[in-house]
Amino acid sequence: MRVVHSPLELKKLLKEEQGTIGFVPTMGALHLGHRSLIEAAREANDLVVVSIFVNPTQFLEGEDLDAYPRREEADKKVCELSGVDYLFYPDASEMYGEDEVSLNAPSVRGYIMEGNSRPGHFSGVLTVVNKLFNIVNPTRAYFGKKDAQQLMLIETMVANLFMNVEIVPMATLREKDGLAMSSRNVYLSEQEREEALKIIKSLRTATQMVMKNELHVSRIREEMLAILAPLDVEYVTIVNRSFEPIEHVEIGNTIILVEAISGTTRLLDNIWI
Ligand code: AMP
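Quick look at the structure, then.

Rules used in this analysis
- Residues numbered from 1 in each chain as written.
- Predicted model: local features only at pLDDT ≥ 70, side-chain atom pairs only at ≥ 80, totals over all residues.
- Heavy atoms only, no water.
- Helix = DSSP H or I, 4+ residues; strand = E, 2+ residues; numbered from the N terminus.
- Polar contact = N/O pair within 3.5 Å; in protein donor to acceptor, adjacent residues only side chain to side chain.
- Contact = heavy atoms within 4.5 Å.
- Near = heavy atom within 4 Å.
- Areas by Shrake-Rupley, 256 points an atom, 1.4 Å probe, with all protein chains shown as cover.
- Nonpolar A, V, L, I, M, F, W, Y, C, P; charged D, E, K, R; others polar.
- Axes fitted to C-alpha atoms, helices over the stretch in contact; angles between N-to-C directions.
- Parallel < 35°, antiparallel > 145°, perpendicular 65-115°, else oblique.
- Pairing = 2+ DSSP bridges.
- Buried < 20%, exposed > 50% of the residue type's maximum accessible area, 1.4 Å probe, protein only.
- Salt bridge = Lys/Arg side-chain N within 4 Å of Asp/Glu carboxyl O.

**Here's the deal with the side chain of S183**
And then number 1: Its place among the elements puts S183 in the loop between β6 (166–170) and α8 (190–211).
And then number 2: Within the local environment of S183, its side chain forms a polar contact with the backbone oxygen of G28, the two atoms lying 3.2 Å apart.
And then number 3: There is a polar contact of 3.2 Å between the side chain of S183 and the backbone oxygen of A29.
And then number 4: Those residues in contact with S183 that lie beyond four places of it in its chain are G28, A29, H31, H34, Y68 and P69.

What follows is the structure, encoded as structure tokens:
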């Protein structure tokens, strides 16, 4: 595995390679969720590129940019053992200059839900993903369904800008007790982690309601909010796969999303129905 820090050097090295490129962009502190993306990339492509970059432009003033877990050595080992060919580990100073061109997230779907809690966050995400795609020029790029709104916005960007990359959505990996794996879970105290389990409990209850043919979005939300009560809930939203509001669950075309804060940690989860 080759570790590359310079964007232009990586671009040059990859241009000299033959075959398909599978790309997994991450912010590091790699867990099994990330590994599942890397493994899928390994299976379907000739080359695998992973990036680790804690992108400053997607953090808002006062968020956890400085505290975000950084595990350089452990992450390198994970990548090496997972058969990664190139690990891209850029410095913020090489990724951004001054007075830059940047992308704006769509004004509706980029500013609802997490985009409402964190205005401008998705513009930062799309800008960096665009830069990363231009550096790596991947055949396929792998993103987790756990960040469903991010995935939808990246798919939208690829379609709107006629980009030549296939986006591959990947299932959410969970801890044994159901908590969605996340690099931010290390922030949780034992009690906060226990409380965080209300999120998966609420999503499982929603699934059971749908299985019993309760399709009214308002009733499902009500039930979920009652379960989530101990947490600081940012939103519980039920939308179709285009992220439009719906009144009734449409089987095969619905996502139920939760964002809640346990202690000071923002947690996202969802189920696709
Ligand atoms: P992050 O490092 O948090 O930016 O995540 C990098 C990629 O891994 C994103 O596409 C995430 O959606 C994905 N990811 C994060 N957590 C999980 C998980 N528990 N299961 C599957 N994919 C995940």
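There's plenty left to go through after this.
**Here's the deal with the site of the ligand**
And then number 1: Neighbouring residues of the ligand: 16 residues in total, closest M27, H34, D147, L173 and M181.
And then number 2: Note that an oxygen atom of the ligand is positioned 2.6 Å from one of the side-chain N or O atoms of D147.
And then number 3: L173 places a main-chain nitrogen or oxygen 2.9 Å from a nitrogen atom of the ligand.
And then number 4: Coverage of the ligand by the protein amounts to 92% of the 480 Å² it exposes when considered alone.
And then number 5: Sorting the residues of the shell around the ligand by element identifies β2 (21–26), α2 (32–44) and β5 (140–144) as the ones contributing at least two each.
And then number 6: For the shell around the ligand, the leading source of residues is α2, giving 3 residues.
And then number 7: For the shell around the ligand, a count of residues per class yields 8 nonpolar, 6 polar and 2 charged.

**A word on the packing of helix α1 (residues 7–15) against helix α6 (residues 121–136)**
And then number 1: Close contact between α1 and α6 brings their axes to 8 Å; oriented N to C, the two are set at 40 degrees. By the angle class used here, α1 and α6 are oblique. Residue-level contacts link P7, L10, K11 and L14 of α1 to N134, I135 and V136 of α6.
And then number 2: Class assignment for the residues of the contact of α1 with α6 results in 5 nonpolar, 1 polar and 1 charged.

**Side note on the sheet that holds strand β9 (residues 265–272)**
And then number 1: Judged by pairing direction, the sheet is antiparallel, and its 3 strands sit side by side in the order β7-β8-β9 without closing on themselves. The sheet is open, and its two edges are formed by β7 (232–240) and β9, each paired on a single side. Between one strand and the next, the sheet's axes are offset by a mean angle of 10 degrees, whatever the strand orientation.
And then number 2: Across 8 bridges, the pairing between strand β8 (residues 254–262) and β9 is antiparallel.

**Quick look at the side chain of T265**
And then number 1: On the secondary structure map, T265 appears in strand β9.
And then number 2: Given the relative accessible area of 1%, T265 is considered buried.
And then number 3: Apart from the residues lying within four places of it in its own chain, the contact partners of T265 are R184, Y187, L188 and A260.

**Thoughts on unusual backbone geometry**
And then number 1: One non-glycine residue, F162, adopts positive backbone phi at about 50 degrees.
And then number 2: Relative to the helices and strands, F162 is located in the loop between α7 (148–160) and β6.
And then number 3: Accessibility expressed as a relative area gives 72% for F162, which makes it exposed.
And then number 4: In this structure, N213 is a non-glycine residue whose phi angle is positive, near 75 degrees.

**What about the sheet that holds strand β3 (residues 47–52)?**
And then number 1: Across the sheet, which stays open at both edges, the 6 strands sit in the order β1-β4-β3-β2-β5-β6 with parallel pairing between neighbours. Across the chains shown, the open sheet's two edge strands, defined by having one partner strand only, are β1 (2–4) and β6. Across the sheet, the axes of successive neighbouring strands diverge by a mean angle of 25 degrees, strand direction being ignored.
And then number 2: Pairing geometry for β2 and β3, over 6 bridges, is parallel. Bridge pairing in β3 places P25 opposite S51.
And then number 3: The strands touched by α2 within the sheet are β2, β3, β5 and β6, with β5 carrying the most contacts at an inclination of about 155 degrees.
And then number 4: Each of β2, β3, β4 (86–88), β5 and β6 touches α6; the most contacted strand, β2, lies at about 150 degrees to it.

**Details of the pattern of salt bridges**
And then number 1: Applying the stated rule across the entire model yields 16 salt bridges.
And then number 2: In this structure, E9 and R2 form a salt bridge, with 4.0 Å as the shortest nitrogen-oxygen distance.
And then number 3: Given the relative accessible area of 38%, E9 is considered partly exposed.
And then number 4: In this structure R2 comes out as partly exposed when scored by relative accessible area, which is 42%.
And then number 5: Residues participating in the shared-partner salt-bridge network are E63, E114 and R118.

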